[in-house]
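Coordinate inspection notes
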Amino acid sequence: MFYFILNRLAQALLVMAVVSAISFSLFNFVGDPVNNMVGQDATREQRIEIRQQLGLDDPILVQYQRFMLNVAQGDFGLSYRIKQPVSQLILERLPATLELVFASAIIAVFIGIVLGVFTGIRRYSWVSKIIMSVSLIGVSLPTFIIGIGLIYLFAVYLRWLPSSGRAGVIEVGGWKTSLLTVDGWRSIILPAITLSLFQLTMILRLVRAEMLEVMRSDYIKFARARGLANRAIHFGHALRNTLVPVITIIGLNIGGLIAYSVITETVFQWPGTGLMFIQAVDFVDVPIMAAYLIFVALLFVVINLIVDILYFVVDPRIRRGGS
Amino acid sequence: MSNLLEINNLSVDFPSRRGQVAAVNKVSIEVAKGEVLGLVGESGAGKSTVGNSIINLLEPPGYISGGEIIFDGARIDQLSNEEMRKIRGAKIGTIFQDPQTSLNPLMTIGKQLSETLIETLKISGSSAREKAIELLDSVGIPEPEARLDAYPHQFSGGMRQRVVIALALAGDPDLIIADEPTTALDVSIQKQILDLIKSLCKQRNLGVIIVTHDIGVIAEIADRVAVMYNGQLVEQGKVTQVLQKPKHEYTKSLISAVPSGDQKLHRFTVVDYIDGSGEKVTLENVSDHWLSKNKSSETHNTAVSVKNLSIEFSIRQALFRKNRISLKAVDDVSIEIQTGESFGLVGESGSGKSTLARLIAGLYTPKSGDINIFGHNVLQKTQKTKTSLIRRKMQMIFQDPYSSLNSRMTVEDIISEPIRFHRSTENSSETSEVVRDLISFVGMPTTSLKKYPHEFSGGQRQRISIARALASRPEILICDEPTSALDVSVQANILNLLKDLQEELSLTMLFISHDLPVIRQMCDRVAVMQNGKICEISQTDELFDNPEHEYSKHLLGLMPRMDLFRL
């Protein structure tokens with residue numbers, strides 16, 4: 001187990017090194033930052049001065065080394081546009097994104113597994129058939145259309161929920177949360193549902209397929225032959241055996257949630273890192289783009305590591321050599 | 001005598017698109033307490049369906065279309081699901097074939113036992129634990145208390161089947177249905193498990209139904225036997241009577257198809273009662289045929305020579321070398337196979353016999369040692385082209401005919417692939433001619449070429465595998481348990497086919513099996529393997545009459561009791 005985790009950590013470091021090299025190369029290939037920072041009428045001297053301040057005249061390797069050293073200390077430089085430290089900007093925006101992702105992950109995992117188990121067990125009931133047909137919509141409609149549709153229905157037509165923004169934010173120990181107020185809840189519902197819908201249907205279909213597979217297996221038949229109750233068979237035996245592939249997909253998809261949150265945050269004007277990234281792209285704000293890239297990669301790597309460790313918890317067969 | 005279970009005129013139907021299929025047709029059997037009834041038949045005979053319909057666990061869409069099942073004086077075939085559930089486990093216990101798959105891999109066996117005990121006996125968690133220890137002890141699992149927290153994969157196959165038996169006994173049932181309880185196990189373990197079932201039956205005064213395709217198992221354990229063929233009961237009676245004086249033609253042929261370990265016969269007795277046992281077409285002038293045109297110009301007396309061959313598999317990886325554990329699957333093995341000889345390799349599962357075959361076939365790379373084929377060292381990296389030419393002379397036939405054929409290719413494509421790959425014909429019309437010859441050579445109609453593997457039975461698929469192997473024009477054929485997935489009657493056909501092919505094409509054969517009678521019939525010389533090492537190599541008759549090594553004696557002692565039905 002120790003060997004395994006060490007092995008995975010080494011792989012993770014390699015991935016992070018490659019990603020940081022790519023994000024560093026953004027500085028050199030995506031436009032001239034000086035042009036974006038100074039106005040049209042800046043003098044030649046002013047430009048040279050800024051170039052020197054930013055260290056853009058140093059050799060590439062020196063710049064890369066400096067970049068890596070700073071990144072390792074959590075310093076991603078100043079935003080070209082807002083002139084504030086990027087790390088501080090990300091930290092300010094991060095709670096909004098994480099809360100949104102968290103809420104939609106809970107919706108996707110919980111409803112996805114429950115409906116997946118149901119449709120897997122009651123394969124031929126008409127309720128299952130309806131669920132499966134509706135789930136096709138979740139897979140096939142793009143996120144922004146679902147978002148706009150939900151806004152039209154609940155915010156414009158029914159006027160039950162706010163259409164955009166993040167309301168009711170209060171600060172608890174340095175973390176700005178919107179999950180502790182009614183307004184905050186009202187404003188997170190629509191974006192969270194929008195973001196979760198695709199993942200929910202993926203999980204639903206996967207759990208259903210795995211359930212169908214597991215229910216055919218010999219140990220389920222043997223469990224029935226021992227007279228166990230249906231509930232024990234379905235949840236005690238079958239569900240847990242579906243979990244290994246499901247965990248893999250959920251892990252990958254939580255990374256996907258963060259990536260997709262760019263679109264959802266734009267549709268709902270949700271003040272998270274995704275929205276910040278889109279704005280940064282508009283202004284060619286390279287430090288923010290680079291930092292966002294590294295940040296997303298880090299999330300993926302960490303989630304994958306957690307997934308690998310979860311395998312050990314769920315499946316005793318992988319715990320070779322243990323106990 | 002009042003019977004524990006009585007089945008009268010039971011019929012089970014499976015509706016399909018082509019109308020009703022009667023899997024079981026008016027079968028009547030009964031079982032008394034303390035009695036073992038053997039239900040024997042080949043695959044598709046409907047014997048497992050009888051077992052499943054007793055506990056109402058028929059695979060949908062199958063249903064009971066007629067007859068009655070009376071258990072302990074009451075009809076149980078019309079109970080609701082919930083009422084039936086209370087009988088399962090508590091009154092009727094079931095043991096399934098494969099202990100690898102019948103236990104939940106993610107749950108400790110202690111938990112699976114207590115769960116069943118709590119459900120069937122309505123007892124508390126702590127007393128369930130005590131009872132679980134007691135049960136494990138009674139089925140012969142050492143240190144039961146410590147083993148409770150182990151997962152199924154931490155047990156060997158035989159131990160796992162003991163756990164399954166403990167689970168089946170948990171609800172203190174009166175009747176046990178054992179569906180092929182030893183088919184997935186080694187012979188030595190098979191005997192232990194059968195003895196265990198037998199003694200539990202006498203101790204607890206249980207009724208036992210053993211469903212099996214293996215006459216040897218019946219001879220070993222059953223008091224009475226019922227023979228099924230094609231959904232119908234053809235004969236039933238006391239074991240000694242049925243096995244020694246079978247009345248029905250089918251029973252007779254079934255018994256005669258069991259290979260004998262006592263003496264060597266020229267051919268296996270063929271069962272003509274079986275559908276689809278196609279006759280092999282003998283090619284005229286085989287020596288002029290395409291199949292024989294690739295013989296080596298140089299002749300070697302030794303086809304395969306293996307010296308000090310070893311291979312290890314890592315079973316635990318670790319950062320530090322001292323913590324790593326590896327298993328020596330083949331350990332310093334040396335054998336020589338003469339050209340034209342049929343060489344047997346026998347041993348229990350895990351003895352390394354399949355690994356050795358795969359090493360010779362070049363599917364694994366050994367850690368050390370030498371392999372010479374027709375005098376050419378195939379492990380030398382410098383002569384790659386020569387090596388691949390030599391390798392082509394060697395083909396393998398695998399155990400499982402279901403997974404060894406690509407299900408998305410037609411039979412024609414499967415057989416012609418090696419021909420096209422090696423470009424061993426002039427043009428495509430010659431290829432298709434050769435493929436037609438090959439398929440009739442192995443006893444299948446040429447109409448089967450356009451079909452896909454799933455349309456064939458296990459025996460027919462194995463014939464296709466053989467045709468595919470022949471398509472490379474091999475001189476050495478490696479057969480890895482080629483018939484252990486097949487019924488006895490089909491087995492006889494396939495083995496006869498292999499014998500004929502060997503004679504007609506003068507092939508060298510490496511034949512791997514755990515089945516001693518089969519080895520006796522097929523091989524000139526035999527090597528006995530245990531734990532990766534060769535114990536003994538001798539002439540086949542020598543081995544069977546005077547085994548030298550202790551382990552060979554042990555293996556021979558486990559052969560099914562033929563005396564019962566060969567007077």
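Computed from a predicted model, the values in this text were never measured in an experiment.

1. Quick word on the overall build of chain B
- Along the backbone of chain B there are 19 helices and 20 strands.
- In terms of overall dimensions, chain B is globule-like: its C-alpha atoms have a radius of gyration of 26 Å, near the 24 Å expected for 567 residues.
- C-alpha atoms of chain B, sized along the principal axes, occupy 75 × 60 × 45 Å.
- Among the 567 residues that make up chain B, the fraction classed as buried is 55%.
- For chain B, contacts bridging at least 24 residues in sequence account for 69% of all contacts bridging at least 6.
- For chain B, the computed accessible surface area is about 24,700 Å², with 46% contributed by carbon and sulfur atoms.
- Counting 63 positive and 70 negative side-chain charges, chain B places the averaged centre of each group 5 Å from the other.

2. Some points on the overall build of chain A
- Of the regular secondary structure elements, chain A holds 12 helices and 2 strands.
- When the helices and strands of chain A are placed in sequence order, the string is α-α-α-α-α-α-α-β-β-α-α-α-α-α.
- For chain A, the spread of C-alpha atoms along the three principal axes comes to 85 × 60 × 35 Å.
- Put simply, 70% of the contacts in chain A that link residues at least 6 apart link residues at least 24 apart.
- Of the roughly 16,800 Å² that chain A leaves accessible, carbon and sulfur atoms contribute 67%.
- Computed over 26 positive and 19 negative side-chain charges, the separation of the two mean positions in chain A equals 18 Å.

3. Description of the state of the cysteines
- Enumeration over the complete set of coordinates arrives at 0 disulfides over all chains.
- B:C523 provides the cysteine sulfur closest to B:C535, a residue in no disulfide bond, and the two sulfurs are 16 Å apart.

4. Some remarks on the interface of chain A and chain B
- Across the contact, 26 residues belong to chain A and 34 residues belong to chain B.
- Taken together, both faces of the contact between chain A and chain B bury some 2,700 Å²; the carbon and sulfur share is 61%.
- At the boundary of chain A and chain B, one finds 1 salt bridge.
- Measuring nitrogen to oxygen at the nearest pair gives 3.7 Å for the salt bridge that ties B:E115 to A:R226.
- Our enumeration of links across chain A and chain B arrives at 9 residue pairs in polar contact (both at pLDDT 80 or more).
- At the level of secondary structure, the elements contributing two or more residues to the side of chain A that touches chain B comprise α1 (2–29), α9 (218–225) and α10 (230–267) of chain A.
- No other element matches α9(A), which puts 6 residues into the side of chain A that touches chain B.

5. Observations concerning empty space enclosed by the protein
All names here are of chain A.
- By the definition in use, this model includes 5 cavities of 30 Å³ or more.
- Of the voids in this model, the largest cavity is the one considered here, and its volume is about 60 Å³.
- In terms of residue class, the lining of the largest cavity is built from 8 nonpolar, no polar and no charged.
- Reported here for the second largest cavity is a volume of approximately 50 Å³.
- A105, A108, V109, Q199, I203, I250, N253, I254 and L257 are the residues that line the second largest cavity.
- Within the residue set of the lining of the second largest cavity, elements represented by two or more residues are α5 (86–121), α8 (182–215) and α10.

6. Let's talk about the sheet that holds strand β20 (residues 533–539) of chain B
Residue and element names in this part refer to chain B.
- Taking strand neighbours across the sheet as the criterion, the 6 strands line up as β16-β17-β18-β13-β19-β20 in an open arrangement whose pairing is mixed. A single partner strand is all that each edge strand has here, and the edge strands are β16 (394–397) and β20. Each strand axis lies, on average, 15° off the axis of its neighbour in the sheet, ignoring direction.
- Across 4 bridges, the pairing between β16 and strand β17 (residues 476–480) is parallel. Pairing of I397 across the sheet is with C479, part of β17.
- On top of the sheet, helix α15 (residues 458–470) reaches β16 and β17; it is set at about 170° to β16, its chief contact.

7. Concerning the confidence of the model for chain B
- Looking at chain B as a whole, its pLDDT mean stands at 84, while 91% of the residues score no less than 70.
- The weakest mean pLDDT in chain B belongs to helix α12 (residues 384–392) of chain B at 77; the strongest belongs to strand β3 (residues 36–40) of chain B at 93.

8. Description of the domain arrangement of chain A
Residues and elements named next belong to chain A.
- Assigned domains of chain A: these are domain 1 (2–72) and domain 2 (86–314).
- Domain 1 puts 17 residues into the contact, and the matching count from domain 2 is 15 residues.
- Taken over both partners, the interface formed by domain 1 and domain 2 buries close to 1,400 Å², and the fraction arising from carbon and sulfur atoms is 88%.
- On inspection of domain 1 and its partner domain 2, the count reaches 1 salt bridge.
- We note a salt bridge from R8 to D308, for which the minimum N-O separation is 2.4 Å.
- Broken down by secondary-structure element, the contributors of at least two residues to the side of domain 1 that touches domain 2 are α1 and α4 (60–72).
- Of all the elements, α1 adds the most residues to the side of domain 1 that touches domain 2, at 13 residues.
- Looking at the side of domain 1 that touches domain 2 residue by residue, the classes come out as 13 nonpolar, 3 polar and 1 charged.

9. Some thoughts on helix α10 (residues 249–257) of chain B
- Taken together, the buried positions of α10(B) are B:Y250, B:T251, B:S253, B:L254, B:I255 and B:A257.
- If you follow the buried residues of α10(B), they end up packed against α8 (215–221), β9 (224–229), β10 (232–238), α9 (239–244) and α16 (488–505) of chain B.

10. Here we look at the pattern of salt bridges
Residue and element names in this part refer to chain B.
- As enumerated under the stated definition, the model contains 25 salt bridges over all chains in all.
- The salt bridge involving D223 is made with K198; its shortest N-O contact spans 3.5 Å. In this pair, D223 sits in the loop between α8 and β9 while K198 sits in helix α7 (residues 187–204), placing the two residues 25 residues apart along the sequence.
- Note on D223: relative accessible area 26%, which makes it partly exposed.
- As a salt-bridge pair, D545 and R520 come within 3.7 Å of each other at their nearest N and O atoms. In this pair, D545 sits in helix α18 (residues 540–545) while R520 sits in helix α17 (residues 516–522), placing the two residues 25 residues apart along the sequence.
- Given the relative accessible area of 4%, R520 is considered buried.
- Each of the salt bridges in this network shares a partner with another, and the network as a whole consists of E82, R85, E119 and K122.

11. Concerning a nonpolar patch on the surface
Residues and elements named next belong to chain A.
- Together, W126, V127, I130, V134, I137, L141, F144, I145, I148, Y260 and I263 make up a nonpolar patch on the protein surface, roughly 1,000 Å² of accessible area in all.
- Those elements giving two or more residues to the nonpolar patch turn out to be α6 (126–140), α7 (143–157) and α10.
- Relative to the helices and strands, I137 is located in helix α6.
- For I137, a relative accessible area of 45% puts it in the partly exposed group.

12. Observations concerning the nonpolar core
Residues and elements named next belong to chain B.
- Residues L5, I92, I165, L175 and I210 are the most contacted members of the largest nonpolar core, which totals 87 residues.
- In terms of residues, this core owes the most to one element, helix α6 (residues 157–169), which gives 7 residues.
- Ranked by size, the runner-up nonpolar core spans 53 residues in total, among them I414, L470, L486 and Y551.

13. Focus: unusual backbone geometry
- In this structure, A:Q269 takes a positive phi of about 50° despite not being glycine.
- Even without glycine at this site, B:K26 takes up a positive phi of about 50°.
- The topology assignment puts B:K26 in strand β2 (residues 19–31).
- In this structure B:K26 comes out as exposed when scored by relative accessible area, which is 57%.

14. Focus on the environment of B:S416
Residues and elements named next belong to chain B.
- Tracing the backbone through its elements, the reader meets S416 in helix α13 (residues 411–422).
- S416 gets classed as buried once you look at its relative accessible area, which sits at 6%.
- Sequence spacing of S416 and R468 is 52 residues, and the spatial spacing of their C-alpha atoms is 7.6 Å.
- Filtering out sequence-adjacent residues up to four positions away, S416 remains in contact with T431 and V435.

15. Quick notes on the pairing of β9(B)
Residue and element names in this part refer to chain B.
- Within β9, 6 of the 6 residues are buried, which leaves it mostly tucked inside the rest of the structure.
- In β9, alternate side chains face the same way, and those of R224, A226 and M228 on one face and V225, V227 and Y229 on the other are all buried.
- Here 4 bridges tie β3 to β9, and the two strands are oriented parallel to one another. In the strand pairing of β9, V40 is matched with V227.
- The loop that links β9 with its antiparallel partner β10 comprises 2 residues; one of these, N230, has a positive phi angle of about 55°.

Basis of the calculations
Residues numbered from 1 in each chain as written. Chains lettered and ligands numbered in written order. Predicted model: local features only at pLDDT ≥ 70, side-chain atom pairs only at ≥ 80, totals over all residues. Heavy atoms only, no water. Helix = DSSP H or I, 4+ residues; strand = E, 2+ residues; numbered from the N terminus. Rg over C-alpha atoms; globule rule 2.2 N^0.38 Å. Buried < 20%, exposed > 50% of the residue type's maximum accessible area, 1.4 Å probe, protein only. Contact = heavy atoms within 4.5 Å. Areas by Shrake-Rupley, 256 points an atom, 1.4 Å probe, with all protein chains shown as cover. Lys, Arg positive; Asp, Glu negative; His and termini not counted. Charge placed at Lys NZ, Arg CZ, Asp CG, Glu CD. Disulfide = S-S within 2.5 Å. Buried area = accessible area lost by both parts, 1.4 Å probe. Salt bridge = Lys/Arg side-chain N within 4 Å of Asp/Glu carboxyl O. Polar contact = N/O pair within 3.5 Å; in protein donor to acceptor, adjacent residues only side chain to side chain. 1 Å grid on protein atoms, 1.4 Å probe; cavity = no way out; pocket = protein on both sides within 12 Å on 5 of 7 lines; lining within 4 Å. Points joined across faces, edges and corners; volume = space filled by probe spheres on them. Nonpolar A, V, L, I, M, F, W, Y, C, P; charged D, E, K, R; others polar. Pairing = 2+ DSSP bridges. Axes fitted to C-alpha atoms, helices over the stretch in contact; angles between N-to-C directions. pLDDT = per-residue confidence, 0-100. Domains from an automatic or database assignment. Patch = residues over 30% accessible without salt bridge, like charges linked within 9 Å, V, L, I, M, F, W, Y side chains within 5 Å. Core = buried A, V, L, I, M, F, W, Y, C linked by side-chain atoms within 4.5 Å.

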